[in-house]
Amino acid sequence: MKIAFIGLGNMGGPMALNLLKAGHTLSAFDLSADACRKLGAEGLPIAKSAAESVADAEVVISMLPASAHVEGLFLGGGGKPGLLDSIRAGTLVIDSSTIAAATSRKVAEAAQAKGIAMIDAPVSGGTGGAIAGTLTFMVGGETRDLERARPVLEKMGANIFHAGAAGAGQTAKICNNMLLGILMIGTSEALALGVANGLDPKVLSEIMRRSSGGNWALEKYNPMPGVMETSPASKNYAGGFGTDLMLKDLGLAQENAAAVRAATPLGGLARSLYAAHSLAGHGALDFSSVLKLVQKPS
Ligand code: NAD
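Predicted model only: the values in this text are computed from it and were never measured.

The rules behind the values
- Residues numbered from 1 in each chain as written.
- Predicted model: local features only at pLDDT ≥ 70, side-chain atom pairs only at ≥ 80, totals over all residues.
- Heavy atoms only, no water.
- Helix = DSSP H or I, 4+ residues; strand = E, 2+ residues; numbered from the N terminus.
- Rg over C-alpha atoms; globule rule 2.2 N^0.38 Å.
- Buried < 20%, exposed > 50% of the residue type's maximum accessible area, 1.4 Å probe, protein only.
- Areas by Shrake-Rupley, 256 points an atom, 1.4 Å probe, with all protein chains shown as cover.
- Lys, Arg positive; Asp, Glu negative; His and termini not counted.
- Charge placed at Lys NZ, Arg CZ, Asp CG, Glu CD.
- UniProt positions renumbered as here; feature names shortened; annotations may be inferred.
- Contact = heavy atoms within 4.5 Å.
- Near = heavy atom within 4 Å.
- Polar contact = N/O pair within 3.5 Å; in protein donor to acceptor, adjacent residues only side chain to side chain.
- Nonpolar A, V, L, I, M, F, W, Y, C, P; charged D, E, K, R; others polar.
- Domains from an automatic or database assignment.
- Core = buried A, V, L, I, M, F, W, Y, C linked by side-chain atoms within 4.5 Å.
- Buried area = accessible area lost by both parts, 1.4 Å probe.
- Salt bridge = Lys/Arg side-chain N within 4 Å of Asp/Glu carboxyl O.

Colleague: Would you take a moment to explain the overall build of the chain for this structure?
Modeller: In terms of regular secondary structure, the chain is built from twelve helices and ten strands. The C-alpha atoms of the chain give 20 Å as radius of gyration, which agrees with the globular expectation for 298 residues (19 Å, within 12%). The principal-axis extent of the C-alpha atoms belonging to the chain is close to 60 × 45 × 35 Å. Relative to its 298 residues, the chain shows a buried fraction of 50%. In the form shown here, the chain has an accessible surface area of approximately 13,600 Å², with 57% of it arising from carbon and sulfur atoms. Each charge class in the chain can be summarised by its mean position, and for the 25 positive and 24 negative side chains these summaries are 2 Å apart.

See the structure below:
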């Protein structure tokens, strides 16, 4: 299949490489020349522009930071045309960015008006899942469009869920990430408490992992440096899932909670804690660096 892939960051880069490995014909683009150079060096064909990448694509995939980027790319603005003007009717667009459900619905409706099918398919599983091709996709949109997307999604992920109509994938994603944001702070607090009492963080992590406090952070993404070789904590919190991206997702969850009058007190507190962490200059570090907020200075 001819696939255009737009957004080659921490997630999009390895996802596009997995599609290439699976034998698809890729044409990729990112606004960052560095990202294009890095992925180009790994064999990914790079287009000169987003419009060039979609020219004869059967499937277009986007993996961008936030709502404004997705809306700007597909719908345009400030005198610039949107990419929907360059995508042929009949093409399938898969947006895997985590954005507001309302923006997903708005862009999907604009696509539909041009005869272009679009689903929201945000992911979970982190950069490790993107590299290994084991992501979880949460899809919002028509069943027939999900079935068209399935063979492509299967090359990047291990679990594919149909959450409901357009935007429903995004709603599922912010529920999941609100829980993840809370869990990472709780896990950090527990580890910092143990270490302040002289416990070895590796031993404490293993005890909690196999006890009732066990969770995804302890299994796959330990926030304490040196406990887990593969986690961003052991790489000075570089790469991974940025604090500012987590902050964005917790903001989306709070906006949504206000709209439907849901009570999300821990989600609100978690948003404030990540905001303070970002203000302290850690916005670009992986979100597990939130440990720094509760860790005793050494
Ligand atoms: P990232 O910041 O590493 O990458 C985003 C890329 O998009 C950047 O390279 C940027 O240059 C590019 N970009 C922005 N606007 C563009 C445009 N108009 N055209 C072309 N390229 C453009 O972000 P990421 O970590 O890869 O995350 C991407 C999305 O996936 C976010 O919505 C994030 O919330 C979500 N997500 C991330 C993770 C993770 O662990 N990093 C996990 C699940 C979901």
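Colleague: Teacher, can you tell me more about the UniProt feature "domain: 6-phosphogluconate dehydrogenase NADP-binding" (unreviewed entry) in the chain here?
Modeller: Using the residue numbers shown here, the UniProt feature "domain: 6-phosphogluconate dehydrogenase NADP-binding" (unreviewed entry) corresponds to residues 2–164. Annotated as 39% helix and 26% strand, the span residues 2–164 places its first and last C-alpha atoms 27 Å apart.

Colleague: Help me understand the side chain of Thr127 in this model?
Modeller: Topologically, Thr127 is positioned in helix α6 (residues 126–132). Apart from residues no more than four positions distant in its own chain, Thr127 is found in contact with Asn10, Met11 and Gly240.

Colleague: What exactly am I supposed to notice about the site of the ligand here?
Modeller: Neighbouring the ligand are 22 residues, the closest being Asn10, Met11, Asp30, Pro65 and Lys248. With respect to the ligand, the backbone of Leu64 contributes an N or O atom lying 3.0 Å from an oxygen atom. In the complex, the protein chains occlude 87% of the 830 Å² of accessible area that the ligand would expose alone. Breaking the shell around the ligand down by element, the ones donating at least two residues are α6 and α11 (243–260). Classifying every residue of the shell around the ligand by side-chain character gives nine nonpolar, ten polar and three charged. Each of two domains, domain 1 (2–165) and domain 2 (171–294), supplies a minimum of three residues to the shell around the ligand.

Colleague: Help me out: how do you make sense of the nonpolar core in this one?
Modeller: Grouped burial of nonpolar side chains is what soluble globular proteins tend to show. In terms of nonpolar packing, the biggest core is built from 32 residues, with Phe5, Met15, Ile61, Ile94, Phe137, Leu153 and Met156 touching the most fellow members. Leave out the neighbours within four places in its chain, and Phe5 touches Gly12, Met15, Ala16, Leu19, Leu26, Ser27, Ala28, Phe29, Ile61, Met63 and Met156. One finds Ile6, Val54, Ala57 and Leu84 within the second-largest nonpolar core, a separate group that totals 21 residues.

Colleague: Would you mind showing me how to read the side chain of Ser53 here?
Modeller: You can see Ser53 is positioned in helix α3 (residues 50–54). Residue Ser53 is classed as buried on the basis of its relative accessible area of 2%. Those residues within four positions of Ser53 in sequence are excluded, and the remaining contacts are Ala4, Ile6, Ser27, Phe29 and Ala47.

Colleague: Can you walk me through the domain arrangement of the chain in this structure?
Modeller: In many analyses, interface size is given as the accessible surface area lost on bringing the parts together. When the domains of the chain are assigned, the result is domain 1 (2–165) and domain 2 (171–294). Contacts between the two partners involve 14 residues from domain 1, matched on the other side by eleven residues from domain 2. For the pair domain 1 and domain 2, the two sides together bury roughly 940 Å², of which 64% comes from carbon and sulfur. Here domain 1 and domain 2 share four residue pairs in polar contact (both at pLDDT 80 or more) between them. Here the residues of the side of domain 1 that touches domain 2 are counted per class, giving nine nonpolar, five polar and no charged.

Colleague: For this particular structure, what's the right way to read the pattern of salt bridges?
Modeller: Two side chains bearing opposite charge may form a pair once their charged atoms approach each other closely. One pass over the structure, following the stated rule, counts nine salt bridges. Between Arg210 and Glu206 there is a salt bridge; the shortest N-O distance is 2.7 Å. Taking the relative accessible area as the measure of exposure, Glu206 reaches 32% and is therefore partly exposed. Arg209 serves as the salt-bridge partner of Glu219, at 3.2 Å between the closest nitrogen and oxygen. Of this pair, Glu219 sits in helix α10 (residues 216–220) while Arg209 sits in helix α9 (residues 201–209), placing them ten residues apart in sequence. Several salt bridges converge on common partners, so that one network encompasses Glu206, Arg209, Arg210 and Glu219.

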